[in-house]
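# Structural overview
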Amino acid sequence: MTLDGGQWAAGPGGLPVGAFTPTGWAYAPSAPQPGTVPLRRLDAGDIVRGTFSTIGRYAKPIYLPLLVLALGFTVLLSGCAFAAWALVTPLPASGARMTTHHLLDVGAAIAVVALPLLILATLAYAASAAVSITVLGRYAVLGRPPVTARRAWAEARRHLWRVLGTQLLTSLTTVGILLASALPGILLGVILHSATAAAFGLLLLIPGLVGALYTGGRLILAVPVTVLEKQRPAAAMRRAWTLSHGAWWRSMGIAYLARMIGYAATQLITTLTGTIAVQLAPSGLLDSAQSGQPFRLSPAGLILPATVVVLAAVTAATLRAPLTPLTLGLVYMDRRIRLENLHTTLAAAAGGALNYAYRQAAPTPSPDDEPELRGN
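Residues numbered from 1 in each chain as written. Predicted model: local features only at pLDDT ≥ 70, side-chain atom pairs only at ≥ 80, totals over all residues. Heavy atoms only, no water.

## Quick word on the environment of Thr-36
With respect to the secondary-structure elements, Thr-36 resides in the loop between strand 4 (16–17) and helix 1 (44–57). For Thr-36, a relative accessible area of 10% gives the class buried. Taking C-alpha positions, Thr-36 is 7.9 Å from Leu-142, a pair spaced 106 residues apart along the chain. Filtering out sequence-adjacent residues up to four positions away, Thr-36 remains in contact with Gly-50, Ser-53, Thr-54, Tyr-58, Ala-140 and Val-141. (Helix = DSSP H or I, 4+ residues; strand = E, 2+ residues; numbered from the N terminus. Buried < 20%, exposed > 50% of the residue type's maximum accessible area, 1.4 Å probe, protein only. Contact = heavy atoms within 4.5 Å.)

Written as structure tokens, this is what we have:
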């Protein structure tokens, strides 16, 4: 069917099939939406709504693996916290002289908690990203029925080590830019034996921060590329750099918007549990804090309030965890739709030849029929 010199395929009822309405039509046919987002270019509202719609519909496959990991990590960190407490308990009372041995105990106590916390937080984010983006790409966008948590974890586990590698390589890149910008100032101070020269040299950290921020923005889609295109870390970073060309600020802005919404939504949990923990704390601790008198803490008196605080923090962190990966997954799809017409591939995978005027009932494809999302 030819309209105004353009060739348009006719769908049911004689309506055109295409991404844009030709001249002469009174309205633009809506894009198909088999899943949680429409298959067209996505604005910020589409991405945020799609993120929370995905969480609402696929909560079990997204959250159950994360809850299991969170409980396991909490047990490990609790053991580390008790080990740190055992190291600082013999320290002298306030005002007494600290020896080198005491300072080493303090450093060891900090390391016993901080290092496992950093490692487990990295593993938790990698697991959350692998599960969330797998569910998003294979089920949510295509409108497929919710999958079991066991299957979601089995599918996501194949990407876990690549996601970890991508995270580490991206972090090393941005941190390396900061260190490279600080290095001239440090060398200048050492060569001239002048703290003032070193301080002026550290002004180079300003362009280093700008460079690290820009690089982090250009690489922000590396994890979705790793999962959805099955790329290795270095290839995923190159691919993410290409996809974010001209839109790194938009990608970062939308990701931070979703993150801030998550923090606001979980603030009630942390505030309420903080109030409960204060009420459960030993009364002598509160009295000593008001009077300034020393108070001897016992581990038994802190177990209950500490448990409440830890469980609240773990719950809030678990609830927020999928927000950033899901948002970045949708930003990735938006970039592919804008640059590579990914929506046609997704529409075909969602149920065959969907048209923009009518939503035809189509048999649900098997989850094993994964759409090919590799880039050009």
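## Observations concerning the nonpolar core
Val-141, Val-163, Leu-221, Tyr-332, Met-333 and Leu-346 are the most contacted members of the largest nonpolar core, which totals 55 residues. The element that contributes the greatest number of residues to this core is helix 3 (residues 100–140), accounting for 10 residues. Beyond its immediate sequence surroundings of up to four residues, Leu-221 is in contact with Ala-240, Leu-243, Leu-328, Val-331, Tyr-332 and Arg-335. (Core = buried A, V, L, I, M, F, W, Y, C linked by side-chain atoms within 4.5 Å.)

## So, the pattern of salt bridges
In the structure shown here, the tally under the stated rule is 10 salt bridges. Between Arg-40 and Asp-46 there is a salt bridge, and its shortest N-O distance comes to 2.8 Å. In this structure, Glu-340 and Arg-336 form a salt bridge, with 2.3 Å as the shortest nitrogen-oxygen distance. Here Glu-340 pairs with Arg-336, and both are found in helix 13 (residues 323–340), just four residues apart, close to one helical turn. Here the two residues Glu-340 and Arg-336 agree in accessibility, since each one is buried. The structure contains a network of salt bridges with shared partners spanning Glu-229, Arg-239, Arg-336 and Glu-340. (Salt bridge = Lys/Arg side-chain N within 4 Å of Asp/Glu carboxyl O.)

## Description of helix 5 (residues 160–192)
For helix 5, which comprises 33 residues, the first-to-last C-alpha distance of 47 Å matches the rise-based estimate of 48 Å (1.5 Å per residue) to within 8%. The largest bend along helix 5 reaches roughly 30° and is located at Ala-182, with the proline Pro-184 sitting one to four residues downstream. All of the buried residues along helix 5 are Leu-160, Val-163, Leu-164, Thr-166, Gln-167, Thr-170, Thr-174, Ser-181, Ala-182, Gly-185 and Gly-189. His-193 occupies a position one or two residues after helix 5 and carries a positive phi of about 50°. (Expected span 1.5 Å × (residues − 1). Bend = angle between axes of the 7 residues up to and from the residue.)

## Topic: the confidence of the model for the chain
Note: predicted coordinates in regions of low pLDDT should not be interpreted at a detailed level. Counting all residues, the mean pLDDT for the chain is 78, and 74% of those residues have values of 70 or more. Throughout residues 1–26 the model reports pLDDT below 50, and contacts reaching past four residues in sequence, or to other chains, amount to 40 contacts. Overall, residues 352–367 carries pLDDT values under 50, and its contacts beyond four positions in sequence, including any with other chains, amount to 36 contacts. (pLDDT = per-residue confidence, 0-100.)

## As for a nonpolar patch on the surface
Together, Leu-183, Leu-187, Leu-188, Ile-191 and Leu-192 give the surface a local cluster of nonpolar side chains, amounting to about 480 Å² of exposed area. Structurally, Leu-192 can be placed in helix 5. (Patch = residues over 30% accessible without salt bridge, like charges linked within 9 Å, V, L, I, M, F, W, Y side chains within 5 Å. Areas by Shrake-Rupley, 256 points an atom, 1.4 Å probe, with all protein chains shown as cover.)

## Here we look at the environment of Tyr-214
With respect to the secondary-structure elements, Tyr-214 resides in helix 7 (residues 205–218). Taking C-alpha positions, Tyr-214 is 9.8 Å from Met-252, a pair spaced 38 residues apart along the chain. Once residues lying within four places of it in the same chain are set aside, the contact partners of Tyr-214 are Trp-241 and Trp-248.

## Quick word on the packing of aromatic side chains
A full pass over the atoms with the stated rule returns two aromatic pairs. Consider the rings of Tyr-214 and Trp-241, whose centres lie 6.0 Å apart with planes at 85°: the pair is edge-to-face. Placement of the pair is Tyr-214 in helix 7 and Trp-241 in helix 9 (residues 233–243), with a sequence separation of 27 residues. Judged by its relative accessible area of 34%, Trp-241 falls in the partly exposed class. Relative to Trp-248, the ring of Tyr-214 lies with its centre 5.3 Å away and its plane at 80°, an arrangement referred to as edge-to-face. (Phe/Tyr/Trp six-rings, centres within 6.5 Å; stacked < 30°, edge-to-face > 60°.)

## Things to note about the packing of helix 7 against helix 9
It is at 8 Å that the axes of helix 7 and helix 9 come closest, and there the two elements cross at 95°. One element, helix 7, and the other, helix 9, form an angle in the roughly perpendicular class. In this structure, helix 7 uses Tyr-214, Thr-215 and Arg-218 to contact helix 9, whose residues at the interface are Ala-240, Trp-241 and Thr-242. When grouped by side-chain class, the residues that make up the contact of helix 7 with helix 9 number three nonpolar, two polar and one charged. (Axes fitted to C-alpha atoms, helices over the stretch in contact; angles between N-to-C directions. Parallel < 35°, antiparallel > 145°, perpendicular 65-115°, else oblique. Nonpolar A, V, L, I, M, F, W, Y, C, P; charged D, E, K, R; others polar.)

## Some details on the environment of Met-237
Residue placement: Met-237 occurs in helix 9. In this structure the C-alpha to C-alpha distance between Met-237 and Leu-221, which are 16 residues apart in sequence, comes to 8.0 Å. Here Met-237 is in contact with Leu-169, Thr-170, Thr-173, Leu-219 and Ala-222, once residues within four sequence places are set aside.

## Let's talk about the side chain of His-159
Note on placement: His-159 falls in the loop between helix 4 (149–157) and helix 5. His-159 sits in the buried class, given a relative accessible area of 4%. Engagement of the side chain of His-159 in a polar contact is seen with the side chain of Arg-162, the distance being 2.7 Å. Among all residues touching His-159, those that are not within four sequence positions of it are Thr-134, Thr-226, Val-227 and Lys-230. (Polar contact = N/O pair within 3.5 Å; in protein donor to acceptor, adjacent residues only side chain to side chain.)

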